[in-house]
There are 2 protein chains.
Amino acid sequence: MAASKDHGSDTPDAVAASLAEATVVRLPVYFRGLVELAEEGVTTVSSQQLAELAGVNAAKVRKDLSYLGSYGTRGVGYDVGFLMQQIGRVLGGNEPAPVVIVGAGNLGKALSRYDGFGASGFPVAAIVDADPGVVGRRIAGVTVRHVDDLHRVVKETGCQVGIIATPAAAAQGAVDRLVAAGVRSILNFAPTVVTVPDDVGLRKVDLATELHILGYYEHRRGAARATG
Amino acid sequence: MAASKDHGSDTPDAVAASLAEATVVRLPVYFRGLVELAEEGVTTVSSQQLAELAGVNAAKVRKDLSYLGSYGTRGVGYDVGFLMQQIGRVLGGNEPAPVVIVGAGNLGKALSRYDGFGASGFPVAAIVDADPGVVGRRIAGVTVRHVDDLHRVVKETGCQVGIIATPAAAAQGAVDRLVAAGVRSILNFAPTVVTVPDDVGLRKVDLATELHILGYYEHRRGAARATG
DNA sequence: TAGATTGTTAATCGATTAACAATC
DNA sequence: TAGATTGTTAATCGATTAACAATC
């Protein structure tokens, strides 16, 4: 939490640093709702309307938005365009954050060619692989380099996000190298859970964990069906 | 929470249903630590050791494991193999949960061929696409069907997990169809945040949201560097 | 018995929600 | 002014943690 709620005297970055993770998770959802409204030509939105679009309650919307600043107008609501600007700014202002993909197999190649990352502001700036036969090839305009050069590649390209697209057995090693090279975020597509040092600020998204959780819900549902 | 903590009289499924989401998220991480120990031939582990492997504290490990039942031995620790069995059982017992992939473009094809899903217990049982020119082709042994048949495909294959690999513009439509068809979990790879009805139990993982969060941490880190 | 470690309680912390004064 | 809606407070809820009695 910020020591002060007087955002008028805080820098935008100080505001950003003070956001609870739970709030950060919801901001993109609000953002999408605002985009929808903007496309429809709507210029003002109440917390109640935005809550319905985001699937949360109005109190949460107001609380979340209040951390960004007092950008609403009592009795009226929020200006759609202005709120989009503010959320976009806090979430990283669309400054592209280049990513490095580790593993140029089927998945790695597909992810490299997938324009979704670039569209989300995460252009693929580097690809590495352990197979010397693949090193030197170009994929989607990027030349594959050897995984042993990962540290150097990360420094050269300024990548701060690593995407693991290796086989399960190589995933933890790739993570360790990425961490050593200084990336701050890791998206792990390998079918295994990997661990990162209990460092400050390193954010990891583990597809295997997510799948396990989905599996749990599946299982629970089956159980509910069986017992209820 | 379960009304009772007497797991001896609860069915395994009733135990599973009572787990807090925060605990469910950590179980696969413990599981990986246990796999590591088992590979090294270790047969007993203390909450402290497991905590270090998982990057959490020992109290949390004991609390989490206590929801599964009293499977430890005071003064000794936990049996590695037995604990793996218990966690595996609660998380869904390795029963495969077939998935349907929506979108047979570059990403959809790569995900279809990617054996990581199958390895994690999520075999790809169906693929659908909107392009009639793609319908009928076989990808990794699965024949592509038309997205208009999604409801029927889901019913036929028993898929309960949907993976969105469409362009951003088609993602929300795909989600709506999946929800209508009755899937209970959605993994969205499209570069946009999608919303689902505020239904009971539908679990959604949004890669765009995850990327936004990663972006936030990047941004925050840059801000810290700039101001600190 | 002495040492070790669990399982659980109680305290703390943070996030959610309802309610309402402020105010457009 | 009357109605609407924000921003914030205070209450509630749930998750985390420290501490320790139970017990191997």
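Residues numbered from 1 in each chain as written. Chains lettered and ligands numbered in written order. Predicted model: local features only at pLDDT ≥ 70, side-chain atom pairs only at ≥ 80, totals over all residues. Heavy atoms only, no water.

Chemist: I'd like a rundown of unusual backbone geometry, residues and numbers included.
Modeler: All names here are of chain A. Residue Ala-140 is not a glycine yet carries a positive backbone phi of 50 degrees. Summarising the element assignment, Ala-140 is placed in the loop between strand S6 (138-139) and strand S7 (142-146). Assessed through its relative accessible area of 52%, Ala-140 is described here as exposed. (Helix = DSSP H or I, 4+ residues; strand = E, 2+ residues; numbered from the N terminus. Buried < 20%, exposed > 50% of the residue type's maximum accessible area, 1.4 Å probe, protein only.)

Chemist: Account for the protein's contact with DNA strand D, naming residues and giving values.
Modeler: Around DNA strand D, the structure places 25 residues, and the nearest of them are A:Ser47, A:Gly72, A:Tyr78, B:Lys60 and B:Arg74. Put simply, 64% of the atoms of DNA strand D that lie within 4 Å of the protein are in sugar or phosphate. Between B:Arg26 and DNA strand D, the recorded distance is 3.1 Å, taken from a side-chain N or O atom to a phosphate oxygen. Listing elements by their share of the surface near DNA strand D, those giving two or more residues are helix H4 (58-68), strand S2 (72-73) and strand S3 (77-79) of chain A together with helix H2 (21-39) and helix H4 (58-68) of chain B. Counting residues per element, the surface near DNA strand D draws most heavily on H4(B), at four residues. Its residues assigned to classes, the surface near DNA strand D shows seven nonpolar, 10 polar and eight charged. (Near = heavy atom within 4 Å. Polar contact = N/O pair within 3.5 Å; in protein donor to acceptor, adjacent residues only side chain to side chain. Nonpolar A, V, L, I, M, F, W, Y, C, P; charged D, E, K, R; others polar.)

Chemist: Outline the packing of helix H8 (residues 150-157) of chain A against helix H9 (residues 168-181) of chain A, supporting the account with residue identities and numerical values.
Modeler: All names here are of chain A. Where H8 meets H9, the axes come as close as 9 Å, and the angle between the chain directions of the two elements is 45 degrees. By the angle between their directions, the pair H8 and H9 is classed as oblique. Here H8 and H9 pass one another in a crossing that is right-handed. Between H8 and H9, the residues in contact are Leu-150, His-151, Val-154 and Lys-155 and Ala-174, Arg-177, Leu-178, Ala-180 and Ala-181, respectively. Of the residues contributing to the contact of H8 with H9, the split by class is six nonpolar, one polar and two charged. (Axes fitted to C-alpha atoms, helices over the stretch in contact; angles between N-to-C directions. Parallel < 35°, antiparallel > 145°, perpendicular 65-115°, else oblique. Left-handed = near helix turned anticlockwise from the far one by under 90°. Contact = heavy atoms within 4.5 Å.)

Chemist: Account for the domain arrangement of chain A, with residues named and values stated.
Modeler: Domain annotation for chain A reports domain 1 (12-90) and domain 2 (99-213). Relative placement of domain 1 of chain A and domain 2 of chain A: their C-alpha centres are 32 Å apart. (Domains from an automatic or database assignment.)

Chemist: Account for empty space enclosed by the protein, naming residues and giving values.
Modeler: If you walk through the whole model with that rule in mind, you get one cavity of 30 Å³ or more. Its volume calculated, the largest cavity comes out at about 40 Å³. The wall of the largest cavity is formed by A:Tyr114, A:Gly116, A:Phe117, A:Ser120, B:Phe189, B:Ala190, B:Pro191, B:Leu207, B:Ala208 and B:Leu211. When residues of the lining of the largest cavity are traced back to their parent elements, those giving at least two are helix H7 (115-119) of chain A together with helix H10 (207-227) of chain B. Considering every element that reaches the lining of the largest cavity, the biggest residue donor is H10(B), with three residues. In terms of residue class, the lining of the largest cavity is built from eight nonpolar, two polar and no charged. (1 Å grid on protein atoms, 1.4 Å probe; cavity = no way out; pocket = protein on both sides within 12 Å on 5 of 7 lines; lining within 4 Å. Points joined across faces, edges and corners; volume = space filled by probe spheres on them.)

Chemist: Summarise the nonpolar core; cite the residues concerned and give the values.
Modeler: By size, the foremost hydrophobic cluster in this structure holds 48 residues, and its most contacted members are A:Phe117, A:Phe189, B:Phe117 and B:Phe189. For B:Phe117, the contacting residues outside a window of four places in its chain are A:Leu207, A:Leu211, B:Leu111, B:Phe122, B:Pro123, B:Ile163, B:Leu187 and B:Phe189. In terms of nonpolar packing, the next biggest core, distinct from the first, is built from 28 residues, A:Val45, A:Tyr78, A:Ile87 and B:Tyr216 among them. (Core = buried A, V, L, I, M, F, W, Y, C linked by side-chain atoms within 4.5 Å.)

Chemist: Describe in detail the relation of the copies chain A and chain B, supporting the description with residues and values.
Modeler: Think of it as a corkscrew move, a rotation about one axis and a shift along it, taking one chain copy to the other. Superposing chain A onto chain B requires a rotation of 180 degrees together with a translation of 0.0 Å along the rotation axis, leaving an RMSD of 0.1 Å. On the angle and the small slide along the axis, the relation comes out as a two-fold axis. The C-alpha atom lying nearest the rotation axis in chain A is that of A:Ala110; the distance is 2.9 Å. Taken together, the interface assignments show that 100% of the residues at the interface of chain A recur at the interface of chain B, consistent with an identical surface on both copies. (Least-squares fit on C-alpha atoms with pLDDT ≥ 70 in both.)

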